[in-house]
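The chain contents come next:
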Amino acid sequence: MDNILEISGLNKKYSDFALKNISFCLPEGCITGFIGINGAGKTTTIRSILGLTNKISGNIKFFGTDMDGNENEIKDRIGIVLDEGCFYDELTLTEMKNVIAPAYKNWCEQDFIDYLERFSLNPKQKISTLSKGTRMKYALALALSHKAELLIMDEPTSGLDPLVRSQLLDILKDYMSKDGKGVFFSTHITSDLDKIADMLIMIHNGQIVFQEEKDQLLDSYRMIKGSTEELDESTRKYFLSIEENSFGFTGVTKQVSEVMARMQDVLAERPTLEDIMLANVEGGKKACYLA
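Note that residues are indexed from 1 along each chain, following the sequence as it is written. Predicted model: local features are reported for residues with pLDDT of at least 70 only, side-chain atom pairs are reported and counted for 80 or more only, and whole-chain, interface and lining totals are derived from all residues. Values reported for side chains reflect all heavy atoms of the structure, with hydrogen atoms and water molecules removed beforehand.

A. Spatial organisation of the pattern of salt bridges. For this analysis, a salt bridge means a side-chain nitrogen from Lys or Arg found within 4 Å of a carboxyl oxygen belonging to Asp or Glu. Taken as a whole, this structure holds 14 salt bridges when the rule is applied. Here Asp111 ties to Lys147 by a salt bridge, and the two come within 2.9 Å at their closest N and O atoms. Residue Asp111 is located in helix α4 (residues 109-118), and its partner Lys147 is located in the loop between α5 (132-143) and β7 (150-154); the two are separated by 36 residues in the primary sequence. Put simply, Asp215, Asp219 and Arg270 are held in one network by salt bridges that share partners. Secondary structure is summarised from DSSP: a helix means a run of H or I of at least four residues, a strand means a run of E of at least two, and numbering begins at the N terminus for each.

What follows is the structure in structure tokens.
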């Protein structure tokens, strides 16, 4: 399987935040979820990848081609849906399309018309009158109307109601039914990725925590529940995070066999992606405290 995007050694620094040696790849034919809490570095990474902000160092390849020196050719092959929109509010949907469409060699007007109909969008409506959900559908219609081979989406479901989020996920599944496609989906709403993601990449404090296939990731962690009497210095070290109350404890671990060998009367459950993400955030804090 070829990589549709390869990032190596990406560094970017602001006064109060930095991306630190970001490296990962996106396999072709996969929906890759890019997860992390707000402020983890998801948007900065995407903006750096797309050349919307200058990086300090690092190599970025789309479709095996270096981004440096080939930006126009590459952007003709990718569709971009950003949380902030980047539209002129005073224009109608058709007028905004007329501004954007000439930038793409493979623009397909019929595809655009079909997507407007599918999303129940009125081409004469002004951008300023669109709800957040409708605005996102319009951005997706533009991104899908020039035969894009890769969709890059930054928090596309943030602030959307469950129905619109479900419709968006169905659109992505339909898009991925065609060979040679890929989706890079940044979000802190991990329940959306539970439904559609193939691969997952987590970022925290500007550093990559993991990149794993979703089902393997879920299989490698367990949520453990039991009495606090089971916890002592020798068992606590096996958990990334632990919550305790008067009824017992709940902890997330990646060292499942060690926990089950040392803690007899506990219940092990498969965690959600959100459980794993938050446990790694807490585990990172713990590591900082111990350092």
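Picking up after the structure, the text goes on.
B. Summary view of the nonpolar core. Residues grouped as a nonpolar core are buried Ala, Val, Leu, Ile, Met, Phe, Trp, Tyr and Cys residues, joined through side-chain atoms within 4.5 Å. Each residue's exposure class comes from its accessible area (1.4 Å probe, protein chains only) as a fraction of the maximum for that residue type: buried when under 20%, exposed when over 50%, partly exposed otherwise. Core analysis: the biggest nonpolar cluster contains 54 residues, and Tyr138, Leu140 and Leu151 have the highest contact counts within it. Once residues within four sequence positions are removed from consideration, Leu151 is found in contact with Gly79, Leu140, Ala143, Leu144, Leu172, Tyr175, Gly182, Val183 and Phe184. Ranked by size, the runner-up nonpolar core spans 26 residues in total, among them Leu5, Ile46, Ile74 and Leu150. Here, two residues are considered to be in contact whenever any of their heavy atoms come within 4.5 Å of each other.

C. Looking closely at the confidence of the model for the protein chain. Confidence of the predictor at the level of single residues is given by pLDDT, which spans 0 to 100. Taken as a whole, the protein chain shows an average pLDDT of 91; of its residues, 96% reach a score of 70 or greater. Confidence, expressed as mean pLDDT per element, reaches its minimum in the protein chain at helix α11 (residues 273-290) with 72 and its maximum at strand β11 (residues 222-226) with 97. Under a pLDDT of 50 for its full length, residues 286-291 has, in the predicted model, 4 contacts with residues more than four places off or in other chains.

D. Looking closely at unusual backbone geometry. The phi dihedral of Phe63 is positive, around 55°, even though this residue is not glycine. Looking at where Phe63 falls in the secondary structure, it is placed in the loop between β4 (57-62) and β5 (65-66). Backbone geometry at Ser120 places phi at a positive 55°, although glycine is not the residue there. Positionally, Ser120 belongs in the loop between α4 and α5.

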